[in-house]
Amino acid sequence: MTRGQHDTIAYRLSQILIKLNQGDHLDPSGLAEEFGTHVRTIQRDLKVRLAYLPLLKTKGRYHLESAYLGKLNFKDIERFASQAGVKGLFPSLDRDFLKNLLSDQVHSPWLVRGHHYEDLSALQDVFSGLEAAVIQNSVLTLDMLKDGRVQTYSPVNPYRLINTKGIWYLAAVHDGRLKTVGVGKIRSIQVHAATFKRDANVDEHVQTEEGIWHSSQLQKVLLSVAPAAAGYFKRRQLIPRQKIVSESLDGTLTVETMVGHQNQILPIVRYWIPNVRIVSPAAWNDELISQLAGYLSTCEPMDCRDFRPPST
């Protein structure tokens, strides 16, 4: 098994563990579509790789028997975590961490997205403190690195630790606004005795929002996807809230999404150039062209000769 396959399995199994811990009833077909694999692979995960779990099957869906939450064999789970690679996903993997992962909490402190992760071993104490604060609804003071210097933010109400594309972020409310900050930029935390009352709307927004950009007003975006890339967009969700509006006779797709920030879209379009372009809003397309022009202006002729548009 290659390292890439190993990481993929570790990510998939860790996600399934977290879903089961949250009380989800898992449909193998739905999981296969979510993780881009065959349903037989998911069934192998549930019946073989996670065979130590007390799983029940109700109407074709697998779920964890509630009576066993928090009563699993930690040695078995530690062995699984070490073998599957989940140990590297979290900065600290100990009995307290596993107890939190498998305990019957109303809200889990983790929301894991992506399987390539950053190394936060040097920030283990910070990460553990954030975990506890999320679970206990503790008010925080954060010392963070910003613009080359450490700045203090207080009070901060932490809602969730999110791992997206391998980077850990803290979703928290500060100054009345939901914000997302990189855990790697946090230098120290102070946990206060005071607690905050969780806002159900904020919890729902953090849970359902894809990515790290949070906004109360979403922007509708239309993309045109050329036939060469259409298959990829038809097989899986490549952009947040992706919806295929239409498909032309030549295979070109019109794809719609709703996002909170242009940085949720522009990097994806840049990645798929020349097969994806922004139809609307026009200002976002202009911004993309401006960014590309700025990049080309910094290139040496030899570097960019294959990328410059022909003269007209």
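Residues numbered from 1 in each chain as written. Predicted model: local features only at pLDDT ≥ 70, side-chain atom pairs only at ≥ 80, totals over all residues. Heavy atoms only, no water.

## Some details on the overall build of the protein
Assigned secondary structure in the protein consists of eleven helices and twelve strands. Buried positions account for 43% of the 312 residues belonging to the protein. By sequence separation, contacts in the protein at least 24 residues apart represent 61% of the contacts at least 6 residues apart. With the model as given, the accessible surface of the protein reaches about 17400 Å², and the carbon-plus-sulfur share is 49%. (Helix = DSSP H or I, 4+ residues; strand = E, 2+ residues; numbered from the N terminus. Buried < 20%, exposed > 50% of the residue type's maximum accessible area, 1.4 Å probe, protein only. Contact = heavy atoms within 4.5 Å. Areas by Shrake-Rupley, 256 points an atom, 1.4 Å probe, with all protein chains shown as cover.)

## Description of helix H8 (residues 227-235)
Of all the positions in H8, only Ala229, Ala230 and Phe233 are classed as buried. An end-on view of H8 places all buried positions within 125° of arc, on one side of the element. More than 90 degrees from the buried face of H8, the exposed residues found are Ala228 and Arg235. Taken together, the buried residues of H8 touch strand E9 (219-225), strand E10 (243-247), strand E11 (253-259), helix H9 (266-272) and strand E12 (276-280). (Arc of directions from axis to C-beta.)

## Observations concerning unusual backbone geometry
Note that the residue after isoleucine 273, namely proline 274, is joined by a cis bond; omega there is 10°. Backbone torsion omega between serine 280 and proline 281 reads 0°, so that peptide bond is classified as cis. If you check the backbone angles, asparagine 137 has positive phi at about 60° while not being a glycine. You can call asparagine 137 buried: its relative accessible area is 17%. A positive phi is found at aspartate 175, a non-glycine position, where the angle reads about 55°. As for its placement among the helices and strands, aspartate 175 is situated in the loop between strand E6 (167-174) and strand E7 (177-182).

## Brief notes about the pairing of strand E1 (residues 55-58)
Where E1 lies against strand E2 (residues 61-64), four bridges are found, and the strand directions are antiparallel. Pairing of threonine 58 across the sheet is with arginine 61, part of E2. Joining the antiparallel neighbours E1 and E2 is a turn of two residues, in which lysine 59 adopts a positive phi near 50°. (Pairing = 2+ DSSP bridges.)

## Thoughts on the environment of valine 181
As for its position among the elements, valine 181 is in strand E7. We classify valine 181 as buried; its relative accessible area is 19%. A C-alpha to C-alpha distance of 9.9 Å links valine 181 and isoleucine 162, two positions 19 residues apart in sequence. Residues within four places of valine 181 in sequence aside, it is in contact with Met144, Trp168, Tyr169, Leu170 and Ile186.

## Remarks on the side chain of glutamine 242
Counting through the fold element by element, glutamine 242 comes out in the loop between H8 and E10. Residue classification places glutamine 242 among the buried residues on the basis of a relative accessible area of 10%. Reaching out from glutamine 242, the side chain makes a polar contact with the backbone oxygen of phenylalanine 233 at a distance of 2.6 Å. In terms of polar contacts, glutamine 242 uses its side chain to reach the backbone amide nitrogen of isoleucine 239, at 3.3 Å. (Polar contact = N/O pair within 3.5 Å; in protein donor to acceptor, adjacent residues only side chain to side chain.)

## Focus: the packing of helix H2 (residues 28-35) against helix H3 (residues 39-49)
Contact pair H2 / H3: the axes reach a minimum separation of 8 Å and the direction vectors enclose 110°. The angle between H2 and H3 places the two elements in the roughly perpendicular class. Remark: the crossing between H2 and H3 carries right-handed chirality. Every residue of H3 that contacts H2 at Pro28, Ser29, Leu31, Ala32 and Phe35 is listed here: Val39, Ile42, Gln43 and Leu46. Considered class by class, the residues forming the contact of H2 with H3 number seven nonpolar, two polar and no charged. (Axes fitted to C-alpha atoms, helices over the stretch in contact; angles between N-to-C directions. Parallel < 35°, antiparallel > 145°, perpendicular 65-115°, else oblique. Left-handed = near helix turned anticlockwise from the far one by under 90°. Nonpolar A, V, L, I, M, F, W, Y, C, P; charged D, E, K, R; others polar.)

## Digging into H2
All of the buried residues along H2 are Pro28, Leu31, Ala32 and Phe35. All buried residues of H2 project into a common sector of 105° when viewed along the axis, lining one side. Looking one or two residues past H2, glycine 36 carries a phi angle of roughly 65°, positive in sign.

## Describing the sheet that holds E11
Read across the sheet, four strands follow the order E10-E11-E9-E12 without closing on themselves; strand pairing throughout is antiparallel. Whereas interior strands pair on both sides, the edge strands pair on one side only; in this sheet they are E10 and E12. The sheet shows a mean angle of 30° between the axes of neighbouring strands, taken without regard to direction. Relative to E11, E10 runs antiparallel, the two being bridged by four bridges. Its bridge partner being in E11, lysine 243 is matched across the sheet by glutamate 256. Together, E9, E10, E11 and E12 form the strand contacts of H8, whose direction differs from that of E9 by roughly 130°.

## Details of the side chain of aspartate 45
Considering the arrangement of structural elements, one finds aspartate 45 in helix H3. Excluding residues that lie within four positions of it along the chain, aspartate 45 makes contacts with Arg12, Leu13, Ile16 and Leu50.

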